[in-house]
Amino acid sequence: MDPRAIEELLPAYAAGELSGEEARRVEAALEGSPRLREELARYERLFVLLAAAAEQEISAPEGLQGQVARRVAIAAYLGAAANLAGDILGAYGRALVYYLGLA
């Protein structure tokens, strides 16, 4: 089997998701390749870390929801104010051009 194809199977092998035949092909390739064994070890460490992270309960600090809501509101107001200022300046600029007869 192509070494690249074996490499693509390593994550599923590490997770125990391969069929018997695929697992045997991966194991045969692992016997002859230190590089593939090293890559498999990386996936196994990654899966251990992911499993540990999944078990941890994550909670937002108190008051975070209010802080986020305030920042979103401020950003929306500032965006609207910038658009309004641009519209006003644009209107004054057009009026000035008309008044000076430049258009």
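The structure displayed is predicted, hence computed values, not measured ones.

### A closer look at the pattern of salt bridges
Applying the stated rule across the entire model yields 4 salt bridges. Among the ionic pairs, E7 bridges to R35, the shortest N-O distance being 2.9 Å. Of this pair, E7 sits in helix α1 (residues 3-14) while R35 sits in helix α3 (residues 34-55), placing them 28 residues apart in sequence. On the basis of relative accessible area, R35 is assigned to the partly exposed category, the value being 46%. Note that R42 is salt-bridged to E38, the shortest N-O span being 2.7 Å. With R42 and E38 both in helix α3, this residue pair falls 4 residues apart, about one helical turn. Among the residues examined, E38 registers a relative accessible area of 45% and is labelled partly exposed. Residues joined by salt bridges that share partners form a network here, namely E38, E39 and R42.

About the criteria used
Residues numbered from 1 in each chain as written. Predicted model: local features only at pLDDT ≥ 70, side-chain atom pairs only at ≥ 80, totals over all residues. Heavy atoms only, no water. Salt bridge = Lys/Arg side-chain N within 4 Å of Asp/Glu carboxyl O. Helix = DSSP H or I, 4+ residues; strand = E, 2+ residues; numbered from the N terminus. Buried < 20%, exposed > 50% of the residue type's maximum accessible area, 1.4 Å probe, protein only.

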